[in-house]
Amino acid sequence: MTTDTSQPVPRPGILDIAAYVPGKEHAPGVARVFKLSSNETPLGPSPRAIDAFRQSVGHLERYPDGQAMALRTAIGEVYGLNTGNILCGNGSDELLGLLCHVYLGSGDEAIVTEHGFLVYKIQIMGAGATVVTVQEKDCTVDVDAILAGVTGKTKMIFIANPGNPTGTYVPVAEIRRLHAALPKTVMLVLDAAYAEYARRNDYEAGIELVSGSSNVVMTRTFSKVYGLAALRIGWIYAPSAIIDALNRVRSPFNLSGPAIAAGSAAVRDQGFVGDAVAYNSLWLDKVSHALEAIGLKITPSVTNFVLIHFPDVDGKRATDADDFLTSRGYILRAVKGYGLPNALRMTIGPEEANRGVIETLGEFMGRS
Ligand SMILES: Cc1ncc(COP(=O)(O)O)c(C=O)c1O
């Protein structure tokens, strides 16, 4: 191996990372576009959050509160948590990155699952550690496969629960079984970005498990049901020792003032969240049934998106469907990078978009 002496050289492994590709936004030549590629809510944020954001505009010359105390207090009150165990971040992406940079290094292994959220891989590799990918079963996280992947070098395990892009979930009993079998030095990261949508009796986001152990953390976001993706707000609930370590490394003002103001108002408006979840449940059900009725296979979802599997035949593959939908202004998410080359992920959108996708895919499947 020759060393490049003509320019600064990144640490080994950095140039092996495939940069994250966000959901498409444009459909060339189409006037009216529905973006259903990033799991954003069609309802937008609570009007109270918009109002708080507007009011914050009067103080743009000031640094924000580096502790984000108003937001941590609001989250603590609404979810019944101690503010000392909450840390806010510039999206949950920042917190996932911080965890890796603080707890992983060269020689360490971190486990992700077959169709896991790609940010985990990026951050693990960014910290110089090794990604260990274990199989899922029918697009669902498999606890036994994770346990089989644990070695003496394992430092972290990442599970999105519910999963993205699968939309499936792991019941709390399975998460507990996994946790019980792990060494105390292995951190279990429960990424609950879609927790609010998952209305199942045997689902838990992870609050109880974090509260009762020293090696479990839960990450959450304001980008999905709260409709504040543009403001980049996430939070982590974790044992004090982990919060302390993260606090030493994070940037001092990692949340903007408008984000703190809008997030605090949004989390206190749980009536709005309830309405958004009800709207989603209604349309998740309608869309899933309608797509199955036209002969497409759907992975059962508890989130605000569905994973649609296409027939593996010429002219009817996911890439063909993607082109057909895009030409009509419906932008879904290709998920080849998640090991699902013949599927598309569709965010539950406004009624008009949902109906439009159903009709367009009906036409697509009926093509000879
Ligand atoms: C599973 C999962 N985790 C985390 C995130 C990142 O969320 P944020 O916008 O808070 O960075 C997403 C966003 O798509 C996600 O799907």
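Keep in mind that what you see is a predicted model, and the values were worked out from it rather than measured. (Residues numbered from 1 in each chain as written. Predicted model: local features only at pLDDT ≥ 70, side-chain atom pairs only at ≥ 80, totals over all residues. Heavy atoms only, no water.)

1. Points about the packing of helix α1 (residues 47-56) against helix α9 (residues 257-268)
Inference 1: Contact pair α1 / α9: the axes reach a minimum separation of 8 Å and the direction vectors enclose 155°. As summarised for this structure, α1 and α9 are arranged roughly antiparallel, according to the angle between their axes. Crossing geometry of α1 relative to α9 is assigned as right-handed. Taking contact as the criterion, the partners of Arg 48, Ala 49, Ala 52, Phe 53 and Ser 56 in α1 are, on α9, Pro 258, Ala 261, Ala 262, Ala 265, Ala 266 and Arg 268.
Inference 2: When its residues are assigned to classes, the contact of α1 with α9 shows 8 nonpolar, 1 polar and 2 charged. (Axes fitted to C-alpha atoms, helices over the stretch in contact; angles between N-to-C directions. Helix = DSSP H or I, 4+ residues; strand = E, 2+ residues; numbered from the N terminus. Parallel < 35°, antiparallel > 145°, perpendicular 65-115°, else oblique. Left-handed = near helix turned anticlockwise from the far one by under 90°. Contact = heavy atoms within 4.5 Å. Nonpolar A, V, L, I, M, F, W, Y, C, P; charged D, E, K, R; others polar.)

2. Structural notes on the site of the ligand
Inference 1: Around the ligand, the structure places 13 residues, and the nearest of them are Ser 92, Asn 164, Asp 191, Thr 221 and Ser 223.
Inference 2: At a separation of 3.0 Å, an oxygen atom of the ligand approaches a polar backbone atom of Asp 93.
Inference 3: Arg 232 places a polar side-chain atom, nitrogen or oxygen, 2.7 Å from an oxygen atom of the ligand.
Inference 4: For the ligand, whose accessible area on its own is 400 Å², the fraction buried by protein is 93%.
Inference 5: Comparing atom positions with the cavity grids shows the ligand to sit within the largest pocket.
Inference 6: Element by element, the count of residues in the shell around the ligand is highest for helix α3 (residues 91-103), at 3 residues. (Near = heavy atom within 4 Å. Polar contact = N/O pair within 3.5 Å; in protein donor to acceptor, adjacent residues only side chain to side chain. Areas by Shrake-Rupley, 256 points an atom, 1.4 Å probe, with all protein chains shown as cover. 1 Å grid on protein atoms, 1.4 Å probe; cavity = no way out; pocket = protein on both sides within 12 Å on 5 of 7 lines; lining within 4 Å. Sits in = over half its atoms within 2 Å of the grid points.)

3. Side note on the layout of surface pockets
Inference 1: Quantified by volume, the largest pocket comes out at close to 490 Å³.
Inference 2: As for the largest pocket, its lining consists of 26 residues, of which Tyr 20, Ser 38, Asp 93, Phe 117 and Lys 224 are closest to the centre.
Inference 3: Element by element, the count of residues in the lining of the largest pocket is highest for α3, at 3 residues.
Inference 4: Both of domain 1 (14-40 + 271-364) and domain 2 (47-268) provide at least three residues apiece to the lining of the largest pocket. (Points joined across faces, edges and corners; volume = space filled by probe spheres on them. Domains from an automatic or database assignment.)

4. Side note on the domain arrangement of the chain
Inference 1: Taken domain by domain, the chain comprises domain 1 (14-40 + 271-364) and domain 2 (47-268).
Inference 2: The distance between the C-alpha centroids of domain 1 and domain 2 comes to 25 Å.
Inference 3: At the interface, 28 residues of domain 1 touch 28 residues of domain 2.
Inference 4: Approximately 2400 Å² of surface area, both sides summed, lies buried where domain 1 meets domain 2, with 70% of it carried by carbon and sulfur atoms.
Inference 5: Where domain 1 touches domain 2, the interface holds 0 salt bridges.
Inference 6: At the boundary of domain 1 and domain 2, one finds 6 residue pairs in polar contact (both at pLDDT 80 or more).
Inference 7: With 5 residues, helix α10 (residues 270-293) is the single largest residue contributor to the side of domain 1 that touches domain 2.
Inference 8: Broken down by class, the residue content of the side of domain 1 that touches domain 2 amounts to 16 nonpolar, 10 polar and 2 charged. (Buried area = accessible area lost by both parts, 1.4 Å probe. Salt bridge = Lys/Arg side-chain N within 4 Å of Asp/Glu carboxyl O.)

5. Observations concerning the sheet that holds strand β4 (residues 130-134)
Inference 1: The 7 strands lie next to each other as β2-β8-β7-β6-β5-β3-β4, forming an open sheet whose pairing is mixed. The sheet is open, and its two edges are formed by β2 (86-89) and β4, each paired on a single side. Neighbour-to-neighbour, the strand axes of this sheet turn through a mean angle of 20°, independent of strand direction.
Inference 2: Seen against the sheet, helix α6 (residues 172-181) touches β5 (154-160), β6 (187-191) and β7 (216-221) and runs at an angle of roughly 160° to β6.
Inference 3: Helix-sheet contacts for helix α8 (residues 240-249) involve β2, β6, β7 and β8 (234-237), and the interaxial angle to β2 is about 35°. (Pairing = 2+ DSSP bridges.)

6. A look at empty space enclosed by the protein
The probe, sized like a water molecule, is rolled over the atoms to show the empty space still left.
Inference 1: Scanning the model with the defined rule gives 3 cavities of 30 Å³ or more in all.
Inference 2: Volume-wise, the largest cavity comes out at about 70 Å³.
Inference 3: Forming the boundary of the largest cavity are 13 residues, of which Thr 113, Gly 116, Glu 136, Ala 160 and Gly 163 lie nearest the centre.
Inference 4: Split by residue class, the lining of the largest cavity holds 6 nonpolar, 6 polar and 1 charged.

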